[in-house]
Amino acid sequence: MAASELFTKFARVWIPDTVDVWQSAELLKDYKSGDTVLHLKTEDDKETQYRIDPKTKELPPLRNPDILVGENDLTALSYLHEPAILHNLKVRFMDSKLIYTYCGIVLVAINPYEQLPIYGEDIINAYSGQNMGDMDPHIFAVAEEAYKQMARDERNQSIIVSGESGAGKTVSAKYAMRYFATVSGSASETNVEEKVLASNPIMESIGNAKTTRNDNSSRFGKYIEIGFDKKYRITGANMRTYLLEKSRVVFQAEDERNYHILYQLCASKHLPEFKDLRLGHAQNFNYTNFGGSPVIEGIDDAKEMMNTRHACTLLGINESHQMGIFRVVAAVLHLGNVTIKANDRDAENCFIPPKTEHLIIFCELLGVDYEQMAHWLCHRKIITGSETYIKPMPKVQAINARDALAKHIYASVFNWIVHHVNRALRASVKQHSFIGVLDIYGFETFEINSFEQFCINYANEKLQQQFNMHVFKLEQEEYMKEEIPWTLIDFYDNQPCINLIEAKLGILDLLDEECKMPKGSDDTWAQKLYNTHLNKCALFQKPRMSNRAFIIKHFADQVEYQCEGFLEKNKDTVYEEQITVLKASKKLTLLAELFQDEKQVSSPTDGRPPFARATVKSAKPRALQPNKEHKKSVGHQFRNSLHLLMETLNATTPHYVRCIKPNDDKLAFTFDPKRAVQQLRACGVLETIRISAAGFPSRWTYQEFFNRYRVLMKQKDVLSDKKLTCKNVLEKLIKDQDKYQFGKTKIFFRAGQVAYLEKLRADKLRVACIRIQKTIRSWLQRKKYLRMRSAAITIQRYVRGYQARCYAQFLRRTRAATLIQKYQRMYAARQKFLRFRSATIVIQSFIRGFRGRRQYKAILREQKATILQKHMRGWMAKRKYRRTHHAIVYLQCCYRRMMAKRELKKLKIEARSVEHYKTLNIGMENKIVQLQCKVNNQTKEMKSLLEKLVSLESTYTHETDKLRTEVDKLRVNEGSAKVSSNKITCLMEEIAILRKELTETQAQKKRLEESGNKYKAETDVVLSQLTEQNALLKSEKDDLNCRIQVQAKEITETMERQNEEETKQLQVDLNDERSRYQSLLNEFCKLEERYDNLKEEMSLVSITKPGHRRTDSTHSSNESEYTYNSLLSSEPGESEDVTRRTEEYPEMKGALDMSLFLKLQKRVTELEQEKQALQEELDAKEEQALRSKKEAEDQQLMARSTELEYESLKRQELESENKKLKNELNELHRALTDKSAPQATAPGAPAYKVLLDHLNAATEELEVRKEEVLILRSQLVSQKEAVACKENKETMTEPILFLEDVRKMKNQGEITQAFVGLKETNRPSQDCRLLNEDGELWIVYEGLKQANRLLESQLQGQKKVYENELEILRGEVQNLKEEINRQQQLLAQNLQLPPEARIEASLQHEITRLTNENLDLMEQLEKQDKTVRKLKKQLKVFAKKIGELEVGQTENVSPAQLADEPIRPVNIPRKEKDFQGMLEYKKDDELKLIKNLILELKPRGVAVNLIPGLPAYILFMCVRHADYINDDQRVRSLLTSTINGIKKILKKRSDDFEIVSFWLSNTSRFLHCLKQYSGEEAFMKHNTPRQNDHCLRNFDLAEYRQVISDLAIQIYQQLTKVLENALQPMIVSGMLEHETIQGVSGQKPTGLRKRTSSVADEGTYTLDSIVRQLNNFHSIMCQHGMDPELIKQIVKQIFYIIGAVTLNNLLLRKDMCSWSKGMQIRYNVSQLEEWLRDKNLQTSGAKETLEPLIQAAQLLQVKKKMDEDAEAICSMCNAITTAQIVKVLNLYTPVNEFEERVTASFIRTIQVRLQNRKDSPQLLMDAKHIFPVTFPFNPSSLALESIQIPGSMNLGFLLRV
């Protein structure tokens, strides 16, 4: 690929920089071939030029795309060079706060100089079992890879941790060992892993010191081999040390310290045991004050001393040895303060002042002679061939000898401690494999480099050579495995440098040779080096200005070494006379062990290298060394140990950790590019990158390449074969075929090719984005234009409308003004007219009134006169008429009388003749009647006329009297008028006087009004002021009232809040106590299992021993009983069993670790005591909860008392009515008996019938009343019992109508009023009694009442039956709907599944459906069996009655008849027993019962064919029988055997979910049965009377209930582990890695360590796998009949595990923190919530456990730019901690270039906003957390006597009782 294609405008490159080493810049124009200058612009917008070398024509390195920056693996970068590596490390370290990064096979660790929460046990658990490429880089990932390869490849492993001082090597090695100790555990009970970790503080105290670069720098190298057995559990460890820096004991540079142990001793001087050491402050000793910095900030040396002593104790170094070591180290401190003075007369002599305090203390501490030590510190012994001379030493030589002795003593102490640590860590069993952790010094270069730096750099040259060969080997193996052509890669070979140091006539050989010379010196050795290597070896140079130094070009850098001190340090001699004095110590025996021969301490043949020990210079040659051969020098020993180390490393699989020191000032998260580049070059990281870049560093699988670069392909290029598709596309995209190679499974790319492909992909996406943006922007602009056009039209319309409205308003105003003027003028004219008109009308009215009155008076006088005339004339006419009429009537009467008399005479004559009478008699009757009528009418008319006449006469007389009185009045008025005319003049005068007084009065009134108005105004002002004051007072009062109300409300709210908080706290405390109790129970279970394992091992040991031993046949049963003897308080034979066992097995006493046994026994007792305390505290909490519940129930009882009172009143009323009816009945009987006439009481008499009917009606009424009284009494009794049991729901035998109305009544007044009304209605009415004296109406009324009641009760009964039937039908319809919906959902899910999974799901569904139908049919069969049994019983009863009747009939038959009849055979049926729900078994059948019912029972057959919990019911029925016969031994034996049997089957099949679930269900059911039939009132509330009869009678099994509850808790915890183990491999793959929504997320380029593909392969788990597994779990638990509440708790635990594991992996995987992955997670969580809804488990609390995961997914998707976004994030993410929020934001990685990274300022804003939040600093969730389980009491409605035992269970020996 041409450079012109890459170096285009806007391309970014790296250019050298003096400050930052490399600086980023951007091309301003395209590069063309032949250009000598590149025009660039830096990031600070400065334009610069980069000149291209005309010879090499090397262009600056290109910068990687931003999407690749921050990768976990440096090999994932497309451009592999130094600036890319440095920038990637800086971005991860500074921006993302990530200290670990992969570089191929190397883990680069940058020291953060800050404690990070990434090393907890939760992090260890998260990395355990994971592939190295699946998690973010971490030291735990390297340790897990080593552990996994050791187990997989059966090959030893090594972890090589290197780096310069202060880079964090020791801490990294410590964390690696902690990982092994936590993950693997130990194979024995000696806690080897704790001892391995405890060796760290000891070695740090004696081998670490403060330097200018590190406060805890290791001044020695160490290689720790951690041994493992065949099960890969830690068995032991072994430590090798290299090159302790002994010179630090006697000298330290400025700002440095000596070894930590010296300062720890000085800081602990106040302790009583250290008083004899006579120590002081560290500044008082020369050896601890050379550096002038005796204190490390933040480190407490006294506390560290306690940790060191504790670690020594743990490693088996007893107190006496510890004090001996401390005495020796303190003696070294005092030896450094011994003053040696020169002799004034002889400079070759020196002396020690007499009674030197520090030397005296030195001798006292070590128990040596003062004079001898003082003498040999200033003298030396010289032995010639025949004589011995004692020569004094000069001061300088004596001081050097003193310091050499101090160094030798300290080195001996160091070696002794290492030896004892190895002895404590030695494996007790055979070692199968090991993992070595090498913590060795990195490449070092200082201003003055001496012998130590030379050895350190020599070791690093050897390690770098091994590293280069290993990297080259891995690259070669990868190419060969993929079958691609490869060529030799040129890499740096440092073998010449190694030869320069260790070859023949090398630097070390010349140094050893010079040490052997009698007068050898550093100068002569330097001249030998110059003569041998100068100008002969290119790696060796001589400094220009020095003749006592040399330069070596190492692989990292060239180093100048000063020759001064090389010979002395290589010899490392000490005078033998001084050692002899120390060995002569009788007070301290430890000195003899310290200075024994090297071969006695450790031998090279035992697999451990010899320690670097000083050469003791003898004054006389030994007999064993006749040739005077010197011991090996320090350099020679170091070379041998280094060769041995390299052999070990070559025999193992190495793993590399390179520690980088980011700055020299120890500042947290501060990155110095210069220092980092130096270390990257020195530690071989850049060499690894160079080797990778020389080959094919970028590697993709075909599927990953296809998924990533699918956008670069056309539709026609996509073939079914992905490999062929990738080949065709690559040939089109990259023309140069040397830039890539096709392997078997991967595509290999040269450096830069992935960046080119990413550029093509980004360009393609950019073009597509531009096209999408163009279309969308066009659409948006079109929409905007249309909106603007519509808005303009709308504005125009409104403006024009506004203008039109304004014009119309103007016209209206003009017209209105005209109208107003018109009407105003009209109004004025009209008002004027009206005034004139009114004045005229007033005048006219007065005039017309005057005239009218005058005319009226005239008319009135005329009228009165006319009336008088009328009446007068009428009276006169009437009087004349009456006179005339009277006369005429009188004449008529006289005439008619005369004519009548004549006629009468004629009639009398005619009547005398009969014929005439007959002729005339015809029609006379009618005529007489008519005449009679006429006469009557006439009389009536006459009467009316007479009445009228009388009335006329009365009116006439009245009118006459009236007229007379009026005439008299007129006469009187005429007189008075004359008098009044005379008084008018007087009246006018009086009127004038009155008018004058009136004017005065009006004036006075006006004055009074003015004064009154003034007073009123004043009073109004005062009144207004008073009202204002009143209003203010009222407002203040209202405010005060409001405040009082608010305060009262606040007080009540605070009280309620406090109560709620206290309640919540109590609930939390209860849950904590419950979880603690269950965790202790779990620990107890583990100890118990460990105890059982030990017993099994002991039994195996005893079996393997030769000889015949007698064993007890009942050992197994005794053993099972012994397991629970500790739990039963009343077990007398416990100690006897123990002693008997110990007597029977005397040989096992030796094999048993009694200390361990006693420790376990003590721990068991402690756990039992703690368990008892927790149980008591739990009981107290439950009593408190019951007390609060009791108070609530008492309040409900108060409300219930009114209802009871009403019912009692009703009962009394009914009883009174009953008494009345009885009295009436007695009266009727009495009336019948008292009748004297026998006919009246005869049966056929009417009176008898009436009385009989009355009697029958009264009897029926009495019976009804009796029934009501009985019903009420039974109800009262049941309610009183319910109240006594504190039950909230009462069940009544028959419903009473008015009880519902009574419950609706609110207070006692309403109930009393209703009772009075009821009494009034029931009381017979007095009016009825008055109306119906005989009582018939009353009888009818009572009869109607009874009929109405009867009809009402029947109606209510029918209504209830109808409602029940309707409810049943609705339930069936609802069940059918749910079944249809479920079928539809299953069908939809099956359609989405692949064919194989669809068949499996359909089969599973069909099996579940058939199982449910089978269970329903079994229930129906059981019901039919019950019915058959009842019918059989009834049939037997009827047969018995028939037999009795037949017997009665046969008694009447004569014996002769009986003798004549033949005798028929009679079938005598067996009488069926009434079973009591008990099962009887023999004592010998107990083991058989446990075996068939527990050990060999198959849960699948029980779950499918039998009722749930059948084993639990059978066991309880056996317990009931043992209780029934009062056999306590049988009860105890059966329960103990049951518990041990369940434990045994669960231990045998601990990983079988079906077994564990089955026995959890049965154990909880057995526990419920023990509670339900215990006889305690709290558990008997829901029992039937029959079930109450089945309660236990003789034994209280409360303690066994607790034991069984503990067993259920253990089974639940085991079930949780099984669930976790089953789901653990599915969670990460299904919830995170698998793309449920295809095409949303895209993969970025990855490095050497490939991650798991997100494409669903055959072995990859998906979300559907998790859902199927959940369905399987749920169906199994439902089939086993597990309690619904327990299922909810298990589901909650499952969802917590899913959420915690998913979130933990999300927090540890940078590639998963993207926007698209957040969408995937939220979709997956929604599918889990849908599963909960389908199973009706929304109330289980499982959804709440997923809230942290949901919020983390939302955090990935929300905006992360502005302060408003930060506020929204802080308010949204309340379920995850601050550390988790910051971690997600730091890990957020854009998948495409169009996404933006989260800025550091935004993360700081989040941290500032959340700094006041009080949450856990822990980063990961505790995935091992188990919620405390509870077993709510769930009584069974199944009758024990109805349980049938199938024959398939092989329990025929059980007899039903």
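Turning next to the overall build of the protein chain. A tally of regular secondary structure across the protein chain gives 54 helices and 27 strands. Out of the 1857 residues in the protein chain, the part that is buried amounts to 41%. Across the protein chain, the fraction of contacts at a sequence separation of at least 24, relative to all contacts at a separation of at least 6, is 73%.

For the rest of this paragraph, the subject is the sheet that holds strand β2 (residues 21-27). Here four strands make up an open sheet; going across it, the order is β1-β2-β3-β4 and the pairing antiparallel. Taken across any chain shown, the strands that pair with only one partner, and hence form the sheet edges, are β1 (12-17) and β4 (47-51). Direction aside, neighbouring strands of the sheet carry axes that sit 50 degrees apart on average. Here five bridges tie strand β3 (residues 37-42) to β4, and the two strands are oriented antiparallel to one another. Following the sheet pairing, His 39 is matched in β4 by Gln 49.

Take the confidence of the model for the protein chain next. With 77% of its residues at a pLDDT of 70 or more, the protein chain has an overall mean of 78. Considering only residues more than four positions removed or in separate chains, one finds that residues 1449-1472, a stretch of pLDDT under 50, has five contacts.

Attention shifts here to the sheet that holds strand β16 (residues 433-439). Hydrogen bonds along the backbone pair up the strands of a sheet, which may run parallel or antiparallel. Here we have seven strands laid out as an open sheet, ordered β5-β6-β22-β7-β16-β10-β11, and mixed in their pairing. Only two strands of the sheet have a single neighbouring strand rather than two, namely β5 (100-103) and β11 (234-242). Neighbour to neighbour, the strand axes of the sheet diverge by 20 degrees on average, direction disregarded. Note: strand β10 (residues 221-228) against β16, seven bridges, orientation antiparallel. Following the sheet pairing, Phe 228 is matched in β16 by Ser 433.

Taking 1.5 Å as the rise per residue, helix α26 (residues 753-912) with 160 residues should run 238 Å; its terminal C-alpha atoms sit only 173 Å apart, a clear shortfall. Inspection of α26 places Gln 753, Val 754, Ala 755, Tyr 756, Leu 757, Glu 758, Arg 761, Ala 762, Leu 765, Gly 801 and Trp 875 among the buried residues, and these make up the whole buried set.

A separate point is the packing of aromatic side chains. A complete count under the given rule lists 30 aromatic pairs for this structure. Ring pairs connect the aromatic residues Tyr 119, Phe 140, Tyr 147, Tyr 175, Tyr 179, Phe 180 and Phe 228, which therefore count as one cluster. The aromatic ring of Tyr 1481 is capped on one face by Arg 1530, whose charged end is 5.0 Å from the ring centroid. The ring of Phe 1827 carries Lys 1692 above its face, with NZ or CZ at 4.5 Å from the centroid.

With that settled, the discussion passes to the environment of Val 332. Take Val 332: it is sitting in helix α9 (residues 319-336). Beyond its immediate stretch of four places on either side in the chain, Val 332 contacts Val 249, Tyr 287, Ala 406 and Ile 409.

Phe 180, Leu 359, Phe 362, Trp 525, Phe 550, Ile 1690 and Phe 1695 are the most contacted members of the largest nonpolar core, which totals 323 residues. Ranked by the residues each element gives to this core, the list is headed by helix α46 (residues 1598-1633), at 17 residues. Residues in contact with Phe 362, not counting those within four places in the same chain, are Ala 331, His 334, Leu 335, Met 373, Ile 409 and Leu 582.

Side chains of strand β19 (residues 558-562) alternate between two faces, with Val 559 and Tyr 561 buried and Gln 558, Glu 560 and Gln 562 left unburied. When strand β18 (residues 549-553) meets β19, the two strands line up antiparallel, connected through five bridges. Looking at the pairing, Ile 551 lines up with Glu 560 of β19.

Turning our eyes to something else, we now look at the side chain of Ser 450. Within the secondary structure layout, Ser 450 lies in the loop between β16 and α13 (451-482). Not counting residues up to four positions away in its chain, the partners in contact with Ser 450 are Tyr 561, Gln 562, Glu 564, Phe 566 and Lys 569.

One full turn of an α-helix is made of 3.6 residues, so residues set three or four places apart face in the same direction. Burial analysis of helix α15 (residues 507-516) places seven of its 10 residues in the buried class, which makes it a mostly covered element. Of the residues making up α15, those classed as buried are Ile 507, Leu 508, Leu 510, Leu 511, Asp 512, Glu 514 and Cys 515.

Another aspect to go through is unusual backbone geometry. With a phi close to 75 degrees, Phe 10 is a non-glycine residue in the positive phi region. Tracing the backbone shows Phe 10 in the loop between α1 (3-6) and β1. Residue Phe 10 is classed as exposed on the basis of its relative accessible area, which comes to 56%.

Time to look at the pattern of salt bridges. Taken as a whole, this structure holds 35 salt bridges when the rule is applied. Between Lys 174 and Glu 204 there is a salt bridge; the shortest N-O distance is 3.1 Å. Separated by 30 residues along the polypeptide, Lys 174 in helix α5 (residues 169-184) and Glu 204 in helix α6 (residues 192-207) bring together distant segments of the chain. A salt bridge links Asp 229 to Arg 233; the nearest nitrogen and oxygen atoms lie 3.6 Å apart. Overall, Asp 229 belongs to the buried group, its relative accessible area being 10%. Ionic contacts of the salt-bridge type, sharing partners, join the residues Glu 164, Lys 661, Asp 664 and Arg 675 into one network.

Another aspect to go through is the packing of α13 against helix α21 (residues 634-650). Orientation of α13 relative to α21, taken along the N-to-C sense of each, is 20 degrees, at an axis distance of 11 Å. When the interaxial angle is binned, α13 and α21 end up roughly parallel. As α13 packs across α21, the resulting crossing turns out to be right-handed. For the pair α13 and α21, contact is made by Phe 451, Cys 455, Tyr 458, Ala 459, Lys 462, Leu 463 and Gln 466 and by Val 634, Gly 635, Phe 638, Arg 639, Leu 642, His 643, Met 646, Leu 649 and Asn 650, respectively.

Definitions and limits used
- Residue indices follow the written sequence of each chain, beginning from 1 at its first position.
- pLDDT decides what is reported in this predicted model: residues at 70 or higher carry local features, side-chain atom pairs at 80 or more are listed and counted, and totals for whole chains, interfaces and linings draw on all residues regardless.
- In computing side-chain properties, one takes all heavy atoms of the structure into account and sets aside hydrogens as well as water.
- Where helices and strands are cited, they refer to DSSP runs of H or I of at least four residues and of E of at least two residues respectively, numbered from the N terminus.
- Relative accessibility under 20% of the residue-type maximum defines a buried residue, over 50% an exposed one, and the middle range a partly exposed one, all with a 1.4 Å probe and only protein chains included.
- Every residue pair with non-hydrogen atoms within 4.5 Å of one another is taken to be in contact.
- Two strands pair if DSSP finds at least two bridges between them.
- Note on method: axes are straight lines fitted to C-alpha atoms, helices fitted across the in-contact stretch only, with angles between N-to-C directions ranging 0 to 180 degrees.
- As a per-residue measure, pLDDT reflects the predictor's confidence and takes values from 0 up to 100.
- To estimate the expected span of a helix, count its residues, drop one, and scale the result by 1.5 Å.
- Any pair of Phe, Tyr and Trp rings, taking the six-membered ring for Trp, is counted once the centres come within 6.5 Å. Such a pair is stacked with planes under 30 degrees apart, edge-to-face with planes over 60 apart, and tilted for the rest.
- Distance and angle both matter: a charge sits over a ring if NZ of Lys or CZ of Arg is within 6 Å of the ring centre and within 35 degrees of the ring normal.
- In these notes, a set of buried Ala, Val, Leu, Ile, Met, Phe, Trp, Tyr and Cys residues joined through side-chain atoms within 4.5 Å is what counts as a nonpolar core.
- Salt bridges are identified by distance alone: a Lys or Arg side-chain nitrogen within 4 Å of an Asp or Glu carboxyl oxygen.
- Should an angle lie under 35 degrees it is considered roughly parallel, over 145 roughly antiparallel, and from 65 to 115 roughly perpendicular; all remaining angles are considered oblique.
- Two helices cross in a left-handed way if the nearer one is turned anticlockwise from the farther one by less than a right angle. They cross in a right-handed way if the turn is clockwise.

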